[in-house]
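Understanding the architecture of this molecule
Spelled out, the chains give:
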Amino acid sequence: MATAKKAPAKKAAPETTVAAKKVATAKPAAKTAAAPAKKRTPNPAFMKALTLSPELSAVVGDQPLPRTEIVSKLWVYIKANNLQDQTNKRMINADKKLLAVFGKPQVSMFEMAGLIGKHVS
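These notes cover the structure that comes with them. (Residues numbered from 1 in each chain as written. Predicted model: local features only at pLDDT ≥ 70, side-chain atom pairs only at ≥ 80, totals over all residues. Heavy atoms only, no water.)

When you go through the chain residue by residue, the secondary structure sums to seven helices and two strands. Walking the chain from its N terminus toward its C terminus, one meets helices and strands in the order α-α-α-α-α-β-α-β-α. Here the chain, with 121 residues, has 22% of them falling under the buried criterion. Counted over contacts in the chain with a minimum sequence separation of 6, partners at least 24 positions apart contribute 31%. Roughly 9,600 Å² of accessible area belongs to the chain as shown, and the carbon and sulfur atoms make up 61% of that amount. (Helix = DSSP H or I, 4+ residues; strand = E, 2+ residues; numbered from the N terminus. Buried < 20%, exposed > 50% of the residue type's maximum accessible area, 1.4 Å probe, protein only. Contact = heavy atoms within 4.5 Å. Areas by Shrake-Rupley, 256 points an atom, 1.4 Å probe, with all protein chains shown as cover.)

Encoded structure:
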């Protein structure tokens, strides 16, 4: 009598192909680490001092400032007066001074920079 032998299941083949794909897609670290990082030069348009409206100068001061400094000083004012919403930190609750700048009682921190564009020239 002849007994039929079952062929063993081939489970090892997919594991080796996955490992082979990982090895094939891996990039050598030596090439990326050897290249020196380029220093970013700041855009002179961002460093240009802008004239502030009376509403905005009541919050950040009356000196002409670049846009980056205006946003930084706004954040200092917001943090000092605890105007960040407690439940959603991305929202800013406006007090009297900021209401004149923003035009609405609550704004998100992402739209804040766009809203100050109306108050600089």
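Mapped onto the secondary structure, P44 falls in helix α3 (residues 44–47). Judged by relative accessible area, which is 63%, P44 ranks as exposed. Spatially, the C-alpha atoms of P44 and P66 are 9.9 Å apart, while their sequence positions differ by 22 residues.

Quick look at helix α5 (residues 67–80) now. Between the first and last C-alpha of α5 there are 20 Å, a value that for 14 residues agrees with the 20 Å anticipated at 1.5 Å per step. Check the buried side of α5 and you find it contacts α4 (54–60), β1 (91–93), α6 (96–102) and α7 (109–115). Within two residues after α5, N82 carries a phi angle of roughly 55 degrees, on the positive side. (Expected span 1.5 Å × (residues − 1).)

Applying the stated criterion across every chain, the model contains one salt bridge. With a closest N to O distance of 3.0 Å, E111 and K104 form a salt bridge. Classification of E111 as partly exposed rests on a relative accessible area of 29%. (Salt bridge = Lys/Arg side-chain N within 4 Å of Asp/Glu carboxyl O.)

Along the chain, H119 turns up in the segment after α7. Polar side-chain contacts of H119 include one of 2.8 Å to the backbone oxygen of V101. Excluding its chain neighbours within four sequence positions, the residues that come into contact with H119 are T51, L52, S53, E55, L56, A100 and V101. (Polar contact = N/O pair within 3.5 Å; in protein donor to acceptor, adjacent residues only side chain to side chain.)

In globular proteins that are soluble, nonpolar side chains generally tend to be buried together. Grouped together as the largest cluster of nonpolar side chains are 20 residues, with contacts concentrated most on L56, I70, L74, I92, L98 and F102. Counting residues per element, the ones that place at least two in this core are α4, α5, α6 and α7. With four residues, the single largest contributor to this core is α5. Apart from residues no more than four positions distant in its own chain, L98 is found in contact with V59, L74, Y77, I78, L83, I92 and G103. (Core = buried A, V, L, I, M, F, W, Y, C linked by side-chain atoms within 4.5 Å.)

Our next topic: the environment of N81. Inspection of the secondary structure assignment puts N81 in the loop between α5 and β1. As a C-alpha pair, N81 and D95 span 14 residues in sequence and 8.9 Å in three-dimensional space.

So, to be careful, I would describe these as geometric facts and stop short of saying anything about function.
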